[in-house]
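Spelled out, the chains give:
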Amino acid sequence: MAESHLSLGNNSALHTSAVCCRVQSGRYRITVKRDRPLTYEMANPPHFIGHRKSWNSWNTSTLKDALRPSQTAIEDVFIRKFITGTWHALVCSEIIIKRQHNMIRIAAIIRQAIHPRKMYFLIGYTEELLSYWMQCPVTLELQTVADKKDVVFKYI
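Remember, it's a predicted structure, so these values are computed and weren't measured experimentally. (Residues numbered from 1 in each chain as written. Predicted model: local features only at pLDDT ≥ 70, side-chain atom pairs only at ≥ 80, totals over all residues. Heavy atoms only, no water.)

Undergrad: Would you take a moment to explain the nonpolar core for this structure?
TA: Inside soluble globular proteins, nonpolar side chains tend to come together where they are buried. The biggest cluster of nonpolar side chains holds 20 residues, and the ones touching the most others in it are Ile 79, Ile 83, Trp 87, Ile 95, Ile 104, Ile 106 and Leu 130. Secondary structure elements with two or more residues in this core: helix H2 (69–86), strand E6 (103–111), helix H3 (116–134) and strand E7 (138–145). Take this core: its biggest share by element is 5 residues, from H3. Non-local contacts of Ile 79, meaning those with residues more than four positions away in its chain, are made with Ile 97, Arg 99, Ile 104, Ile 106, Leu 130 and Met 134. (Core = buried A, V, L, I, M, F, W, Y, C linked by side-chain atoms within 4.5 Å. Buried < 20%, exposed > 50% of the residue type's maximum accessible area, 1.4 Å probe, protein only. Helix = DSSP H or I, 4+ residues; strand = E, 2+ residues; numbered from the N terminus. Contact = heavy atoms within 4.5 Å.)

Put into structure tokens, the structure is as follows:
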């Protein structure tokens, strides 16, 4: 670890350290009471992407010379916000977006807190509006759980 200390006058000092010492991004802090629930995806640190956890967006637009990488990223953010707002307080996990050819498949885990008829309406409503806005077929692949605690992997 390369550290340096540069004096800037009588009372002032500039302290620098190597950038590699700060490995905090994508990690969750441990709470005092250890009562913060984490799902399996959240419990694994970012360097395990591709080993123990997968990407939240599956597409080929980020390859070299691929078309529309920025539009795909913005569309993914829009899809996640739309689903979180439409399925308010029902989504228990991360929203996984898979793009295959001209089709978008969206996977998520939701709670069984609403009547099945309303759930079927929301599925059709979400698929229809997203298909219209994205100009391609959109399919929802939803798994349901009885309680949000069923997807908790560990507490920190």
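Undergrad: It is not clear to me how the pairing of strand E5 (residues 96–100) should be interpreted in this structure. Could you clarify?
TA: The two faces of the sheet receive side chains in turn, since in a regular strand these alternate between them. The pairing of E5 with E6 spans 5 bridges and is classified as antiparallel. If you follow Lys 98 over to E6, its bridge partner there is Arg 105. Where E5 folds back on E6, the antiparallel hairpin that results is connected by 2 residues, among which His 101 adopts a positive phi of roughly 55°. (Pairing = 2+ DSSP bridges.)

Undergrad: What am I meant to see in the environment of Met 134 here?
TA: Relative to the assigned elements, Met 134 resides in helix H3. Along the backbone, Met 134 and Glu 75 are 59 residues apart, and their C-alpha atoms lie at a distance of 8.0 Å. Setting aside its immediate chain neighbours within four residues, Met 134 contacts Glu 75, Phe 78, Ile 79 and Ile 104.

Function cannot be read off these values alone, since they describe shape.
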